[in-house]
Amino acid sequence: MLQNQGREMMIVTSGAVAFGKQRLRHEILLSQSVRQALHSGHSQLKDMSVPVLEARACAAAGQSGLMALYEAMFTQYSTCTAQVLVTNLDFHDDQKRQNLNSTLQELLRMNIVPIINTNDAVVPPPEPNSDLQGVISIKDNDSLAARLAVEMKADLLIALSDVEGLYNSPPGTDDAKLIDIFYPGDQQSITYGTKSRVGIGGMEAKVKAALWALQGGTSVVIANGTNPKVTGHVITDIVEGKKVGTFFSEIKPAGPSVEEQTEMARNSGRTLASLHPDQRSEIICHLADLLTERKEDILAANKMDMDLAVSAGHLPSAMLKRLSLSPAKLNSLAIGLRQIAVSAQDSVGRVLRRTRVAHNLELEQITVPIGLLLVIFEARPDCLPQVSALSIASGNALLLKGGKEASSTNRVLHQLTQEALSLHGVSQAVQLVSTREEVEDLCRLDKMIDLIIPRGSSQLVRDIQRAAKGIPVLGHSEGICHVYVDADASADKVMKIVRDSKCDYPAACNAMETLLVHRDILRTPLFDQIIDLLRTERVKIHAGPRFASYLTFSPSEAKSLRTEYGDLECCMEVVDSMQEAVDHIHKYGSSHTDVIITDNEDTAEQFLQQLDSACVFWNASSRFADGYRFGLGAEVGISTARIHARGPVGLEGLLTTKWVLRGDGHTAADFSEHGNMKYLHENLPVGQSLAGQRDSN
């Protein structure tokens, strides 16, 4: 595929010895069986042993089979190949080296893929420590590939192995970690294992060859090439610059890698979780104070981001509104943070259930932090202090990945967050990823990240849900919120709720996207008022198919009834009943927030019971689906998931539980038919401490 894209490709391969060994073994067995059959007159064959096969003979017999395989595969893609056999001497002799270079250049010019291998039929055994004057000698495929890459001035050398890349210790050991980027100075920190099971070299040989090629000006990646289903993707992903395997680089960045940041956050987060609730509250209050005390610094950084975004001209108006900060917005953030600080007093370690299982055997279910959260947010810098405060209150470590549009604002807000955390020595518990990590790369950290929370467009959420194969994702992919105007709705409530739901903040995920109207309201003064309101507010109406059928001159027909406009636009559709409205929402909604406007209590209760959205409102704007308005202080997002947390997710949604059992030498055998103890399973009041309960006993 890369060849057909116009790239110049070369392959260094082994396999001739293996091909030849199989072929010669078959020939020897066949020859022995024929001779024995002739000698014994077709009597029963005796055990036949295959002699030890000489490697050079195997190579000579296997070269044709190896090339036949490559030619058969490449011919399917109309690509021509050519075999080139080399030895160490071909690189030591200047004339031979020039001839080799000229041959390869000519093949590449004719769009032919050279398939290169050592001429194992004549090559002498490799000599240890045979590298001379800084020039690598040809001992295996790795050293041959490195030598060719430098000789041909290749842009990239991909060395395929039977492991994912280079590890800091032998793969499979308990503490082995994949190294994403390897620097020449880090070589002393590596412990090598045994040689590869698919070649004559090992990882040490690959690293040595890679470093030599890197020094010669060729980029190098070591990756896994043993899985036939993904190896093709591995090669193209590397060429596209994705984080696959181990990339060798001579330049080490000044800051920590994202893996190191994750490790620091996790370790510091455990200390944060062990702090007294008063200490966590103090950190959050200090952060709230810093938001108002340093507002000039924050707003100056935000102005830089806004100026860049406006001059670039690629951000829609809805995202520009999210990017912008103001003194009023900062004051509102500070108020929300102080609410969170109060909630932090009884969040972590709260006893939810207490049971006396048996005499002197007591069980508690208590709240604990989830662990390490990864929050990915787009151009919304106000998200950073909100999420940081909620993470601090719940004792969770936090890894933040903000949009590049708000990089200056995020940097200042993160510095303030770390300053507040330093009050109690946990400044590393909240980390801001500033490197150009792709979402897919962050989602690979499944052994360290416990929960991903995306804050942004539906496309961002879908991308993360697709990439996070092993990590739970909390959020919603779309905010398709409905407002249903019932036949028994009062005009005053309709006008207020429709205006607020659509026009207060059209870019919000809790803004109305579809207005459902009962059929009896059509051609009434209330219907005319609704249309006039939307026109006055410059809301573009997209008619649903049924609504369009009632009109002689209808607005533009909606392309889809499942659209999140995020702007002053909405879909309008007609339904015959409350039940039809519910059915419509179930079919086209996103289970986010849906509203009924009616004065009929029975109709409202049926709507509230039947609809299974995360938030269902009666005579209230959809904009109430917000953590701050719910009294949660702030929210990390709105979840439409069916498990864990649903709706606006505040502090409670960032906690899980663990079971604590306190006994006195109890064993399961004590409760068997031969034991002397019986289960009590007596529920105890959660407000009473275990110590007090024991004293009363």
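The protein chain carries the name Delta-1-pyrroline-5-carboxylate synthase in an unreviewed UniProt entry, which gives Stegastes partitus as its organism. As recorded by UniProt, the Subcellular location (unreviewed entry) comment attached to the protein chain reads in full: "Mitochondrion matrix". Checking UniProt for the protein chain, the heading Function (unreviewed entry) contains the comment "Bifunctional enzyme that converts glutamate to glutamate 5-semialdehyde, an intermediate in the biosynthesis of proline, ornithine and arginine."

Re the overall build of the protein chain
Helices and strands together make up the secondary structure of the protein chain, namely 22 helices and 23 strands. Structurally, the protein chain occupies a C-alpha span of about 105 × 85 × 65 Å along its principal axes. Evaluated residue by residue, the protein chain yields a buried proportion of 47% over its 697 residues. Once local pairs closer than 6 in sequence are excluded, the contacts in the protein chain between residues at least 24 apart make up 72%. Looking at the protein chain as shown, the accessible area adds up to about 34900 Å², and 51% of this sits on carbon and sulfur atoms. Mean positive and mean negative side-chain charge positions of the protein chain (68 and 84 charges, respectively) differ by 3 Å.

Some remarks on the sheet that holds strand S19 (residues 615–618)
Adjacent strands of a sheet pair through backbone hydrogen bonds, lying either parallel or antiparallel. If you walk across this open sheet you meet the six strands as S16-S17-S15-S14-S18-S19, and the pairing is parallel. Strand pairing shows two members of the sheet lacking a second neighbour, strand S16 (540–543) and S19, which therefore form its edges. The average angle at which neighbouring strand axes cross in this sheet is 20°, direction not considered. The pairing of strand S14 (residues 481–485) with strand S18 (residues 593–597) spans four bridges and is classified as parallel.

Details of unusual backbone geometry
Phi at lysine 153 is positive, roughly 55°, even though this residue is not glycine. Of note, lysine 153 is situated in the loop between helix H5 (141–151) and strand S4 (156–161). Since its relative accessible area comes to 70%, lysine 153 is described here as exposed.

Description of the packing of helix H9 (residues 277–293) against helix H14 (residues 407–421)
It is at 8 Å that the axes of H9 and H14 come closest, and there the two elements cross at 140°. One element, H9, and the other, H14, form an angle in the oblique class. Viewed along their axes, H9 and H14 form a crossing whose handedness is right-handed. Only Leu413, Leu416, Thr417, Glu419, Ala420 and Leu421 of H14 make contact with H9, whose side of the interface consists of Ile283, His286, Leu287, Leu290 and Leu291. For the contact of H9 with H14, the residue count by class is eight nonpolar, two polar and one charged.

Rules of the game
- Residues numbered from 1 in each chain as written.
- Predicted model: local features only at pLDDT ≥ 70, side-chain atom pairs only at ≥ 80, totals over all residues.
- Heavy atoms only, no water.
- UniProt positions renumbered as here; feature names shortened; annotations may be inferred.
- Helix = DSSP H or I, 4+ residues; strand = E, 2+ residues; numbered from the N terminus.
- Buried < 20%, exposed > 50% of the residue type's maximum accessible area, 1.4 Å probe, protein only.
- Contact = heavy atoms within 4.5 Å.
- Areas by Shrake-Rupley, 256 points an atom, 1.4 Å probe, with all protein chains shown as cover.
- Lys, Arg positive; Asp, Glu negative; His and termini not counted.
- Charge placed at Lys NZ, Arg CZ, Asp CG, Glu CD.
- Pairing = 2+ DSSP bridges.
- Axes fitted to C-alpha atoms, helices over the stretch in contact; angles between N-to-C directions.
- Parallel < 35°, antiparallel > 145°, perpendicular 65-115°, else oblique.
- Left-handed = near helix turned anticlockwise from the far one by under 90°.
- Nonpolar A, V, L, I, M, F, W, Y, C, P; charged D, E, K, R; others polar.

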